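Structural description and commentary
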Amino acid sequence: MFFHNSYFTTHFGNLFFCSKISIFSLFDHQKSPFRYTQISNYVNVYMKWKKDPFFDSILHIHKSAELKPIIQLKNFIVNYPNGCIPISAVSKRGLEFDISIRVARFLRQYPSVFEEFRGEHNLPWFRLTPEAAEIDREEKRVLEECKEDLKDRLRRFVLMSKDKVLPLKIIKGMAWYLGLPERFLDESKGDLLDESFRFVDMEDGLKGLTVESNGEKLLSTMQRNAMKNGVYFGGTLEGIEFPLFPSKGLRLRRKIESWLNEFQKLPYVSPYEDFWHLDPDSDFAEKRVVGMLHELLSLFVEHSAERKKLLCLKKYFGLPQKVHKAFERHPHMFYLSFKNKTCTAILKEAYCGNSSIEKHPMLVVRKKYIRLVKESDRILKNRRINNRFIKHEKLEKGSDIDADSDDRTDIQAEESSQEWLVLDLLPHSSIPFIVEVLFETYKWFKIF
């Protein structure tokens, strides 16, 4: 009768079901990943996007897309004989440089970077300004000094892929974010990469790049920082909490906040480890996806990237179809900026407080290029003002000439009017007499 009570039976069953994980965990000393897969599930509620002016105002992030074709053209000019090019050398290569307007017009938009002069046959030629040439020399110096750092970032990028090999087209598409020069991926210049990198043939006739890890265990940025803080000891299923940076005015709903607290307690899965044993619909797999996005952005120059570029990596990095939802579900870690009519994913940790993420060596150089590009706006503005001033002067000179001619016409008209005014002032009775005198005078001169 005790067990026939439906109320007691229901609650006893729920109590046993909720506690069976903890009961069985007494006998489970090896913490299997499956133990964490069904502990909690994300509450599927709408997450409202909150604008953050701070991240929308980071200049080198939002100027990165504009700077890329400028740097490509700069490299083309530098590698050309004598360091200058005729406009015919690039006029039909706009698509190659991701330029949607005429290349000549594009070059003239940045007079602080590209200097125009007249060359052979009086055609326009372009070369770098002294300021741009100076930054280019600094860039080459930084690339030479930080070659090992760039190779390490490329190695990590390849080893994060599920097969430890990536097509060259994928790496070239992300080379701008990784800060890699074009010659890094040139097979004919293989001396830039060490023996651990190998160019291979992939499916569909694609060329790929693979890396031999030699059994070395790579630690992610999260693991290295946690080890420095004494909260990680090199294990495989240790819990590491992601650093959170809430934006001002952004509040999570209570259900989401409670889920996030449980999510933070889950074991951390390194993006360099095997993940095939994970249930793709579990929170455990969600933490692996978030950890991979965190590691990817930490490798990039601006610690940000266009979201559509990251979505292109799904196939090779084993990311879920709706990986973009991870950015929306974790607004304390990532910020989505919709400036410049594109969606850019930004890693908040890199820009908040005393960041433990290493700065990319190329970031300082790009900031200098951006400051130089901004000078173009000032130069063009001054040109417009000067042109307007010259035009105004020409109009004033033209108006002065017209005024002089008008004055002379007015004087002549005034003199003639004065002559007629004298005649008008004479009495009417004296007019016949004057006419007779004039007629007699005319006859007298005619006789002689």
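Counting starts from 1 at the beginning of each chain's written sequence and moves along it residue by residue. The predicted origin of the model limits local features to residues at a pLDDT of at least 70 and limits the giving and counting of side-chain atom pairs to 80 or more, whereas totals for whole chains, interfaces and linings rest on all residues. Side-chain descriptors were evaluated using all non-hydrogen atoms of the structure, hydrogens and water having been removed beforehand.

Turning our attention to the overall build of the protein. Each helix and strand in the protein was counted, giving 16 helices and 9 strands. Using a 1.4 Å probe on the protein chains alone, a residue whose accessible area is under 20% of its type maximum counts as buried, one over 50% counts as exposed, and one in between counts as partly exposed. Taking all 448 residues of the protein together, the buried fraction comes to 40%. Contacts in the protein between residues at least 24 apart in sequence constitute 68% of all its contacts with a sequence separation of at least 6. Here the open area of atoms and residues is found with the Shrake-Rupley method and a 1.4 Å probe, where only the protein chains shown may cover a residue. Approximately 27,800 Å² of the protein is accessible, and the part contributed by carbon and sulfur atoms is 56%. Only DSSP runs of H or I reaching four residues or more are called helices, and only runs of E reaching two or more are called strands; each is numbered from the N terminus. Contacts are assigned to residue pairs with any non-hydrogen atoms lying within 4.5 Å of each other.

The next point concerns the sheet that holds strand S9 (residues 344–347). Strands are treated as partners if at least two bridges between them are detected by DSSP. Pairing within the open sheet is antiparallel, and its 3 strands lie in the order S7-S9-S8. Of all strands in the sheet, those bounded by a partner on one side alone are strand S7 (304–306) and strand S8 (334–337). On average, each strand axis in the sheet is tilted by 20° relative to the strand beside it, whichever way the strands run. Every axis in this analysis is a line fitted to C-alpha atoms, fitted for helices over the stretch in contact. Angles between the N-to-C directions lie between 0 and 180 degrees.

Let us now look at the sheet that holds strand S2 (residues 114–118). Judged by pairing direction, the sheet is antiparallel, and its 3 strands sit side by side in the order S1-S3-S2 without closing on themselves. Of all strands in the sheet, those with a lone pairing partner are strand S1 (84–86) and S2, marking the two edges. Pairwise comparison of adjacent strand axes, ignoring direction, gives a mean angle of 30° for this sheet. With 3 bridges joining them, S1 and strand S3 (residues 124–128) adopt antiparallel strand pairing. Each bridged residue has a counterpart across the sheet, and for Ile 85 the counterpart in S3 is Phe 126. Contacting S1, S2 and S3, helix H4 (residues 64–79) runs over the sheet at an angle of about 100° to S3.

Let's shift gears to the side chain of Asp 52. For Asp 52, the position within the fold is in the loop between helix H1 (6–25) and helix H2 (53–56). One buried charged residue, Asp 52, remains without a salt bridge, the closest side chain of opposite sign being Lys 348 at 4.9 Å. Side-chain atoms alone can form a polar contact between residues adjacent in sequence; in general such a contact is a pair of N or O atoms within 3.5 Å, and within protein one must be able to donate a hydrogen while the other accepts it. Looking at Asp 52, its side chain comes within polar contact range of the side chain of Ser 247, at 2.8 Å. Not counting residues up to four positions away in its chain, the partners in contact with Asp 52 are Ser 247 and Tyr 335. This count recognises Lys and Arg as positive and Asp and Glu as negative, with His and chain-terminal groups excluded. When a carboxyl oxygen of Asp or Glu lies within 4 Å of a side-chain nitrogen of Lys or Arg, that pair is called a salt bridge.

Which parts of space are left empty comes out when a probe the size of a water molecule is rolled across the atoms. Grid points spaced at 1 Å and placed over the protein atoms alone form the basis of the search, with a cavity being a set where a 1.4 Å probe fits but cannot get out and a pocket an open set showing protein on both sides within 12 Å along at least five of seven lines. Lining residues have an atom within 4 Å of a point. Grid points are joined across faces, edges and corners, and a volume is the space filled by probe spheres set on the points. Evaluation of the coordinates by the stated rule reveals 2 cavities of 30 Å³ or more. If you add up the space inside the largest cavity, you get close to 40 Å³. Around the largest cavity sit Leu 244, Leu 252, Leu 260, Arg 329, His 330, Pro 331, His 332 and Met 333, which together line it. Looking at the lining of the largest cavity residue by residue, the class counts come to 5 nonpolar, 2 polar and 1 charged. The space that makes up the second largest cavity amounts to roughly 30 Å³. Every residue along the wall of the second largest cavity is listed here: Lys 63, Glu 66, Leu 67, Ile 70, Ile 370 and Val 373. Of all elements in the fold, only H4 and helix H15 (363–425) reach the threshold of two or more residues within the lining of the second largest cavity. Basically, the charged four are Asp, Glu, Lys and Arg, the nonpolar ten are Ala, Val, Leu, Ile, Met, Phe, Trp, Tyr, Cys and Pro, and anything else, Gly included, counts as polar.

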